[in-house]
Amino acid sequence: MKYHVYARHNLDKIPTYGKLSKEQIQSIKIVSEVLPFKTNNYVVNELIDWDNYQTDPMYILSFPQKGMLKSKQFRALSELVEKNTNKAELAKYIEELRLNLNPHPAGQLEHNVPTLKGEVLSGIQHKYRETMLFFPTQGQTCHAYCTFCFRWPQFTGLNELKFAMKQTKLVVAYLKENPSITDILITGGDPMVMKTEILERYINGILSAELPQLKTIRIGTKSLSFWPYRYISDPDSWDLLNLLRRVNEKGIHLALMAHINHPRELETDAVKEAIARIRETGTTIRSQSPILRHINDDPALWASMWKKQVNLGIIPYYMFVARDTGAQSYFGLSLERTHQIFHEAYQQISGIGRTVRGPSMSAGPGKVRIVGISEVKGEKVFVLEFLQGRNPDWVGQPFFAAYDAEAQWLDDLVPAFGEKEFFYEQEYMKLLKVDKLPGHVLSTDNKQYA
Ligand SMILES: *Cc1c(COP(=O)(O)O)cnc(C)c1O
Ligand code: SF4
């Protein structure tokens, strides 16, 4: 299958362009000034239900919607565009809107980027003891873009915010300095947009260092859902499968961290074929997704998605809380509703699918899971725990926040029982070398979705 990209400039080349209403076209054109828009022939022809496209989750996942900007912003931007405002002025307004959308939830740039002998390693993040994230330069884009993506600064012009690194050499040097790291998570964007040749160069560089500490390589990707032909009919598909096989044969656990938001993504012949071919190389596939209003905010949908995954040999891994960046007001749900959806879905599947963990917020101090809502001595509380902590000692200790029906994120919560702070806050401040946290801000950071 040949890959065709559709974006703002060639919207009218989409085979189903004629089905789009005037309002939809206007929304796409205006919102995509701010949030990146890119889709392709597989998503358009095989995933979207064009007969009901306006409410179709696959359509909403791929095409910018009016509600993704505040109505005031949408109106102002429409006016500027209609008035043919000069380019510089328009660009300035767009930049302002983007900065308002919290492109790098606090902490992402300052707190996780390590140094080595005084040099800043901008393509690496290291937050949790065992696992290092690596952002290969050529993997910082995707086969199509998700409208909820919080990595969008990587795709728009905010270049100084782009994490990237060319040299595997530095990755290896950093690993040698940090023998506690057993896992490398190669992420993006989507590393699977890279030609096999390039990905191979990175992986060979890492493998040939023969680091005894290295046990697992994970590759975060949305390619199964956005371009399964990556594993079937791209010119270098066989080379890619051989590369995966070679990593496994080396005794390294290779996991594809597949980003799957909706059961429909698992229904095409192409995706099934891709999954079978990947598994045949010995690679495990694990799945993760945020829970998103308009796309997958339904327990039955999650239960069916997890069952389908298990059936195809995919291991359910993470359910995330939609994070506080980008179009969060459009996609976000209350923590209570998020937990309820998780819980109802989790009850409907057998133990084999209950490998999934969540719902989890990737926040400043760590990955915080909502365990449940309970009542302690008459007070209604959220029970929380760290799945990952900036300090590993925090992991697995239950702690409590006052119940709040509206809260959508950890920084909306305050400690239960009238306590002044959560148990980890003093230490968290020490780790960040700051003397106060803005409110109870446990700000978000890093990369979680793909
Ligand atoms: C989620 C995440 C990881 C991986 O955590 P696991 O629990 O091992 O899946 C590693 N680093 C960062 C920064 C993360 O957000
Ligand atoms: S969510 Fe993942 S796959 Fe989707 S656009 Fe963002 S980085 Fe790419």
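Residues numbered from 1 in each chain as written. Chains lettered and ligands numbered in written order. Predicted model: local features only at pLDDT ≥ 70, side-chain atom pairs only at ≥ 80, totals over all residues. Heavy atoms only, no water.

A.B. asks: What am I meant to see in the site of ligand 1 here?
C.D. replies: Around ligand 1 lies a shell of 12 residues, among which Arg218, Tyr317, Tyr318, Lys367 and Gln388 are the nearest. In the environment of ligand 1, an oxygen atom lies 2.8 Å from a nitrogen or oxygen atom belonging to the side chain of Arg218. In the model, an oxygen atom of ligand 1 is placed 2.8 Å from a nitrogen or oxygen of the Lys367 side chain. Starting from 390 Å² of accessible surface for ligand 1 in isolation, the protein chains cover 94%. Secondary-structure elements contributing two or more residues to the shell around ligand 1 are strand S5 (124-128), strand S6 (131-134) and strand S11 (314-321). Along the lines of polarity and charge, the residues of the shell around ligand 1 split into four nonpolar, three polar and five charged. (Near = heavy atom within 4 Å. Polar contact = N/O pair within 3.5 Å; in protein donor to acceptor, adjacent residues only side chain to side chain. Areas by Shrake-Rupley, 256 points an atom, 1.4 Å probe, with all protein chains shown as cover. Helix = DSSP H or I, 4+ residues; strand = E, 2+ residues; numbered from the N terminus. Nonpolar A, V, L, I, M, F, W, Y, C, P; charged D, E, K, R; others polar.)

A.B. asks: Any chance you could explain the domain arrangement of the protein here in plain terms?
C.D. replies: Interfaces are often sized by the accessible area lost when the parts come together. Split into domains, the protein comes out as domain 1 (5-100) and domain 2 (105-432). Spacing between the C-alpha centres of domain 1 and domain 2 amounts to 27 Å. Facing the 27 residues of domain 1 at the interface are 31 residues of domain 2. Taken over both partners, the interface formed by domain 1 and domain 2 buries close to 2500 Å², and the fraction arising from carbon and sulfur atoms is 65%. Three residues stand out in domain 1 for area buried against domain 2, namely Lys38, Tyr42 and Leu61, and they jointly supply 29% of the buried area on that side. Summed over the shared surface of domain 1 and domain 2, the number is one salt bridge. Across the pair Arg264 and Asp56 runs a salt bridge, and its minimum N-O distance is 2.8 Å. Linking domain 1 with domain 2 are 11 residue pairs in polar contact (both at pLDDT 80 or more), by the criterion used here. Partitioned by chemical class, the residues of the side of domain 1 that touches domain 2 number 15 nonpolar, six polar and six charged. (Domains from an automatic or database assignment. Contact = heavy atoms within 4.5 Å. Buried area = accessible area lost by both parts, 1.4 Å probe. Salt bridge = Lys/Arg side-chain N within 4 Å of Asp/Glu carboxyl O.)

A.B. asks: Where do I start with helix H10 (residues 237-249) in this structure?
C.D. replies: Residues three or four positions apart in an α-helix share a direction because the helix packs 3.6 residues into each turn. Across its 13 residues, H10 extends 18 Å between first and last C-alpha, which sits within 8% of the 18 Å expected from 1.5 Å per residue. Turning to H10, its buried residues number three or more, namely Ser237, Leu240, Leu241, Leu243, Leu244, Val247 and Asn248. An end-on view of H10 places all buried positions within 155 degrees of arc, on one side of the element. Set apart from the buried face of H10 by more than 90 degrees, the exposed residues are Trp238 and Glu249. On the buried face of H10, the contacting elements are helix H8 (196-207), strand S8 (216-221), strand S9 (253-259) and helix H11 (269-280). Remark: Gly251 follows H10 within two positions and exhibits a positive phi of approximately 90 degrees. (Expected span 1.5 Å × (residues − 1). Buried < 20%, exposed > 50% of the residue type's maximum accessible area, 1.4 Å probe, protein only. Arc of directions from axis to C-beta.)

A.B. asks: Would you take a moment to explain unusual backbone geometry for this structure?
C.D. replies: Glycine aside, a negative phi is what most residues show, and trans is what most peptide bonds show. In this structure, Gly189 follows Gly188 across a cis peptide bond, with omega equal to 15 degrees. Take Gly189: it is sitting in the loop between strand S7 (183-186) and H8. Even without glycine at this site, Lys377 takes up a positive phi of about 45 degrees. Considering the arrangement of structural elements, one finds Lys377 in the loop between strand S13 (366-376) and strand S14 (379-389). Residue Phe417 is not a glycine yet carries a positive backbone phi of 60 degrees. Tracing the backbone shows Phe417 in the loop between strand S15 (399-402) and helix H15 (425-432). Accessibility expressed as a relative area gives 35% for Phe417, which makes it partly exposed.

A.B. asks: Looking at this model, I keep getting lost on the site of ligand 2. Mind explaining?
C.D. replies: Near ligand 2 you find 10 residues, and of these Cys142, Cys146, Cys149, Lys222 and His259 are the closest. Residues of the shell around ligand 2, tallied by class, amount to six nonpolar, two polar and two charged.

A.B. asks: Explain the pattern of salt bridges here, please?
C.D. replies: Close approach of charged atoms allows side chains of opposite charge to pair. A complete count under the given rule lists 16 salt bridges for this structure. A salt bridge links Glu130 to Arg129, with the nearest nitrogen and oxygen atoms 3.2 Å apart. Look at Glu130 and you get partly exposed, because its relative accessible area is 31%. Put simply, Glu210 and Lys250 hold a salt bridge, and the shortest N to O gap is 2.9 Å. With Glu210 in the loop between H8 and S8 and Lys250 in the loop between H10 and S9, this pair connects stretches of sequence that are 40 residues apart. Classification of Glu210 by relative accessible area gives exposed; the value is 53%. When salt bridges with common partners are traced through the structure, they connect Arg230, Asp234 and Asp236 into a single cluster.

A.B. asks: Help me understand the packing of aromatic side chains, please; the structure alone is not making it clear to me.
C.D. replies: To describe a pair of aromatic rings, one takes the distance between the centres and the angle between the planes. Summed over the entire model, instances satisfying the criterion amount to 30 aromatic pairs. A centroid spacing of 5.9 Å and a plane angle of 85 degrees characterise the contact between Trp50 and Phe63, whose relative ring orientation is edge-to-face. On the criterion of sequence distance, the pair formed by Trp50 in the loop between helix H2 (41-47) and helix H3 (57-62) and Phe63 in the loop between H3 and helix H4 (71-82) is long-range, its members being 13 residues apart. Judged on exposure class, the residue Trp50 and its partner Phe63 are both buried. Taken together, a centroid distance of 5.1 Å and an interplanar angle of 25 degrees make the contact between Phe342 and Tyr346 stacked. Taken together, the positions of Phe342 and Tyr346, both in helix H14 (residues 335-347) and four residues apart, correspond to about one turn of that helix. (Phe/Tyr/Trp six-rings, centres within 6.5 Å; stacked < 30°, edge-to-face > 60°.)

A.B. asks: Could you clarify how one ought to interpret the confidence of the model for the protein in this entry?
C.D. replies: Atom-level detail of predicted coordinates should not be read off regions where pLDDT is low. Taken as a whole, the protein shows an average pLDDT of 91; of its residues, 93% reach a score of 70 or greater. A low-confidence stretch, residues 159-164 stays under pLDDT 50, and its non-local contacts, those more than four residues away or across chains, total 18 contacts. Within the model, the stretch residues 439-450 combines pLDDT values under 50 with 88 contacts to residues more than four positions away or in other chains. (pLDDT = per-residue confidence, 0-100.)

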